[in-house]
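Chain and residue survey
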There are 2 protein chains.
Amino acid sequence: MELKAMTIGKLSSRAGVKVTTIRYYESIDLMPQPHRSESGQRIYDETSVERLSFIRHARDLGFPVESIRDLIDLQSKPDQDCASVDAIARRQLANVRYRLNQLEALEAELKRMIAACEGGSVENCTVLACLSDHNNCREDEHGRLNGLLEG
Amino acid sequence: MELKAMTIGKLSSRAGVKVTTIRYYESIDLMPQPHRSESGQRIYDETSVERLSFIRHARDLGFPVESIRDLIDLQSKPDQDCASVDAIARRQLANVRYRLNQLEALEAELKRMIAACEGGSVENCTVLACLSDHNNCREDEHGRLNGLLEG
DNA sequence: CTTGCCTCTACAGCCGCTGTAGAGAGTAAT
DNA sequence: ATTACTCTCTACAGCGGCTGTAGAGGCAAG
Ligand SMILES: [Zn+2]
Ligand SMILES: [Zn+2]
Ligand SMILES: [Zn+2]
Ligand SMILES: [Zn+2]
C-alpha cells in the first residue's frame, strides 16, 4: 500500500487555506494544475504545500495576487539580482503605509466626533452634525476648510 | 426663464461624487428617486446635495453603506435618543482600529524583511526567505512560532 | 447645422474570494 | 453489503462598492 495521496482537503489544512480558495487559485493560475487521481481528485505534494504557504503568507501581508505572481516568477530565477523582489516589497510597504495614514486620520475624526457627543436627542448629536458637515469637526483631517468654528 | 435645474452632473460636482456613483446609490436606494425632466433627465435640489454630501462624508470615514442607511433613518427621527447613532459610530471606530492594528503588524513585518535584505541574488533575498517561511522573520507578528533562528 | 459635451439604460467587470446546488467518490462502522 | 458520513467534483452566482462600456438620445454654443 502506497503512501496516501494528499487530497485538496489535506493541503488545505496543512497550508491553512480553504479548499475553495485553493481551487480559486488554480483557476487564476496562481497555483499550477495538480495531478489527478483516476477518479479525478486533485493530488498534491510537498511542493504544493510550500507554494501555497508562500502565497498565503504574502496574502496575509496584503500583497496583491499580481505581485505574488511576480514574486513566484522571480523565485524561479535564483541567480538574478533581487532588486526587483525588493522593489515589489517596498511598493507593498508604501501601500500599507498609505492605508495606515488614511486609517489614522479616520480614527482621529471618529474619535473626536464620538467624544464630543454627550448623549441626548438625535437632533443634537454631534456625530450626525459632523457627518452632515465636516466643518463641524474641528481640526481638519481629510482636506477642505479648517478652523472656521474655533471656540 | 426659470432657474436652471440641477442635473446629475451638477450634483456630482457639488457633492464631489461621480455621476455613475450617484446612479449606483439610487439603484441601491441610498439616494431617493429624483424628479425627472420631460426628457427623462434626473433633476435634483439642495436637499439632494446635503444628503449626498452626508453619504460621501460617511463613506470617506469608511462607514459601510448599510450603516449609512441606518444613520439616515435615524436622522429623520430627531427626537429619539442618539445612543443608536453613537453606537454605529463606535462600531465603525472599532472596525477602523482593528484594521489599524492589522496594518501596523504588516508594516512592521514588511519593514523588517526589507531592511534585512542587503541585495545580491534572488537566491539569498531575505524578502523571499521571509515569505517562504514566517520563521525566517524574527519577532513574530501574526501568529505561529517565534525566535527559532536568532543570531 | 454641426460640434461637443451631457445624460440615458442596461449590463459586464473589478478584487479576492465565498457560497450554493447537485452529483459522485472514499471511508468506517454495522 | 449496506448504511452513514465526509470529502471532492463542476459550474456558477454573489459579496461590497463601485467603475467602465456600448449605443442611444438631449441640449447649448458657435
Ligand atoms: Zn450622539
Ligand atoms: Zn471629515
Ligand atoms: Zn532582496
Ligand atoms: Zn509573517
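Residues numbered from 1 in each chain as written. Chains lettered and ligands numbered in written order. Predicted model: local features only at pLDDT ≥ 70, side-chain atom pairs only at ≥ 80, totals over all residues. Heavy atoms only, no water.

1. Side note on the domain arrangement of chain A
- Partitioning chain A into structural domains gives domain 1 (8-63) and domain 2 (83-137).
- Domain 1 of chain A and domain 2 of chain A are separated by 36 Å when their C-alpha centres are compared. (Domains from an automatic or database assignment.)

2. Comments concerning the protein's contact with DNA strand D
- Around DNA strand D, the structure places 17 residues, and the nearest of them are Thr 7, Gly 9, Arg 23 and Arg 42 of chain A together with Arg 59 of chain B.
- A distance of 2.9 Å is found between a phosphate oxygen of DNA strand D and a side-chain nitrogen or oxygen belonging to Ser 39 of chain B.
- In the environment of DNA strand D, a phosphate oxygen lies 2.6 Å from a nitrogen or oxygen atom belonging to the side chain of Arg 59 of chain B.
- At the level of elements, helix H1 (8-15) of chain A together with helix H2 (19-27) of chain B are the ones that each hand at least two residues to the surface near DNA strand D.
- With three residues, the single largest contributor to the surface near DNA strand D is H2 of chain B.
- Grouping the amino acids of the surface near DNA strand D by side-chain chemistry returns five nonpolar, seven polar and five charged. (Near = heavy atom within 4 Å. Polar contact = N/O pair within 3.5 Å; in protein donor to acceptor, adjacent residues only side chain to side chain. Helix = DSSP H or I, 4+ residues; strand = E, 2+ residues; numbered from the N terminus. Nonpolar A, V, L, I, M, F, W, Y, C, P; charged D, E, K, R; others polar.)

3. A few points about the protein's contact with DNA strand C
- As a matter of local geometry, DNA strand C sits amid 17 residues, with Arg 59 of chain A together with Thr 7, Gly 9, Arg 23 and Arg 42 of chain B nearest to it.
- Taking Thr 21 of chain A, its side chain carries an N or O atom lying 2.9 Å from a phosphate oxygen of DNA strand C.
- At 2.6 Å, a side-chain N or O of Arg 59 of chain A approaches a phosphate oxygen of DNA strand C.
- Elements supplying a minimum of two residues to the surface near DNA strand C: helix H2 (19-27) of chain A together with helix H1 (8-15) of chain B.
- Sorting elements by how many residues they give to the surface near DNA strand C places H2 of chain A first, with three residues.
- For the surface near DNA strand C, the class distribution of residues is five nonpolar, seven polar and five charged.

4. Concerning the packing of H1 of chain A against H2 of chain A
Residue and element names in this part refer to chain A.
- Running from N to C, H1 and H2 cross one another at 100°; their axes reach a closest spacing of 9 Å. In terms of orientation, H1 and H2 fall into the roughly perpendicular class. Contact with H1, carried on its side by Ile 8, Gly 9, Leu 11 and Ser 12, involves Val 19, Ile 22 and Arg 23 of H2 and no other residues of that element.
- Its residues assigned to classes, the contact of H1 with H2 comprises four nonpolar, two polar and one charged. (Axes fitted to C-alpha atoms, helices over the stretch in contact; angles between N-to-C directions. Parallel < 35°, antiparallel > 145°, perpendicular 65-115°, else oblique. Contact = heavy atoms within 4.5 Å.)

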